[in-house]
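Observations on chain architecture
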Amino acid sequence: MAEKKVSLGKEFTKGLIKENPVLRLVLGTCPTLAVSTSVVNALGMGVSAMIVLICSNIVISLLRKVIPSKVRIPVYIVVIASFVTIVQMLVKAFVPALDAALGVYLPLIVVNCIILGRAEAFAGKHSVLASAVDGVGMGIGFTLALCCMAAIREVLGAGTFLAGAQDLLVLFGNNVLNGFNGFTLIKEGSALSPMTVFILAPGGFFTFGLLMACANRLAERSGKPKAELKGCEACPMAGSCSIRADGGACEDGKEEASA
Amino acid sequence: MTAYFAILLTAILTGNFVLCKFLGICPFLGVSKKLNTALGMSAAVVFVMALATAVTYPINKFLLVKNDLEYLQTIVFILVIAALVQLVEIVLKKFMPPLYNALGIYLPLITTNCAVLGVVILNVDEGYNFAQSMFNSVGAGLGFMLAMVIFSGVRSRLESCDVPKFLQGLPIVLIAASIVSLSFMGFTGLVEGLLGL
């Protein structure tokens, strides 16, 4: 029993830093770049994706002995799409401002490679409890990385921090934060003006590049290999994909090291 | 007609899927190392985007909207795209081997490419009619191709550069992407100016 607990703890913490899905595994880059324009959006996206990830991990793990391996990808996609639809409806109903801010990226959680990747690499092979814990860890890791990036971009690009926090909590009433709606770091009409480019597309790529460099530096210091684009490794299509042989992006897939 | 060209040009330049909307970043970073793989991948994306729009538009209009089932859009669209890609692969393999040899290996990857699902969902969100949807999808695909081709050129130059150690690998690629994206911001206002809208 004691051993089991240790490994559960490991499954949880590995998603936070060591195998952070965004900065270490380089998965889910599209939503990371797209919604990290403000911390509130990033939090909303992170939590939505985490809910989908946990639920789909649990269901896929429950069904792992029933699903024939030949059709597992379509089955995974249906499970994930169902949960995304549920989350989409909940967000539309209870946090309409977030729905407007995330727009098309909310339904696009379906094709977020973190979720399909974890289903394929972990939930399809492990027990329900371990899969749920893995989902929580990876979800928090995703949210952390998103918020980290969003904090940089929002402060530099808009001169605010946590702007629109009230909109996120509108479900609990209109004044749940006592009128607090984010900090304004650069007041309007002051001599400073925010670097708008940071909340635009180029700033997204730039911030992500620098964050990745920091993550690599830290990893190197602790003696770990740096993050390379390993999209294909976690990509569920890796088996049927021959681009890796073509010298495209992928290094030879190394086996998922979690047992 | 001007309106259709505006949609097409917007999708290619000012609203470029990769560089402005962040859709399809995985293949953009992953398959852009060589020009020929970049071209093959983007040709497959143009093909699948156009096909997916042509198929999902009637399904959405005559099946989902008619029966008040719009909430099933996400599930139906992703399943249709996945099935379509499989079907295309089989058909190409059987009847058009040269085309299959050129595009076939990229097809399985496209199922989970967010740009394809993204363009289909955006067409619905924007309320485009069939012709507008097709123009938008083809434009989005061509925009993807443009970004891929430009970026594969940038990356081939990057390989011979002396990059600081901590930026080697992915970070410098992302920073290069940032500069390419910055150059695409120069197109802002171009469509309106060109077509006099």
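Anyway, here's the lowdown on the structure attached to this text. (Residues numbered from 1 in each chain as written. Chains lettered and ligands numbered in written order. Predicted model: local features only at pLDDT ≥ 70, side-chain atom pairs only at ≥ 80, totals over all residues. Heavy atoms only, no water.)

1. Some points on the nonpolar core
Counting 117 residues, the largest nonpolar core has Leu108 and Phe205 of chain A together with Phe28, Met41 and Leu117 of chain B as its most contacted members. Leu108 of chain A has contacts with Leu23, Cys114, Leu117, Gly118 and Ile121 of chain B, leaving out every residue within four places of it along the chain. (Core = buried A, V, L, I, M, F, W, Y, C linked by side-chain atoms within 4.5 Å. Buried < 20%, exposed > 50% of the residue type's maximum accessible area, 1.4 Å probe, protein only. Contact = heavy atoms within 4.5 Å.)

2. Here we look at the packing of aromatic side chains
Residue and element names in this part refer to chain B. Going through the model one piece at a time under the given rule, you end up with 7 aromatic pairs over all chains. Considering the side-chain rings of Phe184 and Phe187, the 5.4 Å spacing of their centres and the 80° angle between planes classify their relative orientation as edge-to-face. Taking the relative accessible area as the measure of exposure, Phe184 reaches 4% and is therefore buried. Among the residues examined, Phe187 registers a relative accessible area of 27% and is labelled partly exposed. (Phe/Tyr/Trp six-rings, centres within 6.5 Å; stacked < 30°, edge-to-face > 60°.)

3. As for helix α4 (residues 72-94) of chain A
Between its terminal C-alpha atoms α4 of chain A stretches 33 Å, which fits the 33 Å expected from 23 residues at 1.5 Å a residue. Among the residues of α4 of chain A, Ile73, Tyr76, Ile77, Val79, Ile80, Ala81, Phe83, Val84, Thr85, Val87, Gln88 and Val91 of chain A are the ones counted as buried. Looking at the buried positions of α4 of chain A, the neighbouring elements they touch are α3 (39-62), α5 (96-102) and α6 (113-123) of chain A together with α4 (73-95) of chain B. (Helix = DSSP H or I, 4+ residues; strand = E, 2+ residues; numbered from the N terminus. Expected span 1.5 Å × (residues − 1).)

4. Quick notes on the environment of Ala215 of chain A
Residue and element names in this part refer to chain A. One can find Ala215 in helix α9 (residues 201-221). Look at Ala215 and you get buried, because its relative accessible area is 13%. Between the alpha carbons of Ala215 and Leu169 there is a distance of 32 Å; along the sequence they are 46 residues apart. Residues within four places of Ala215 in sequence aside, it is in contact with Leu23 and Arg24.

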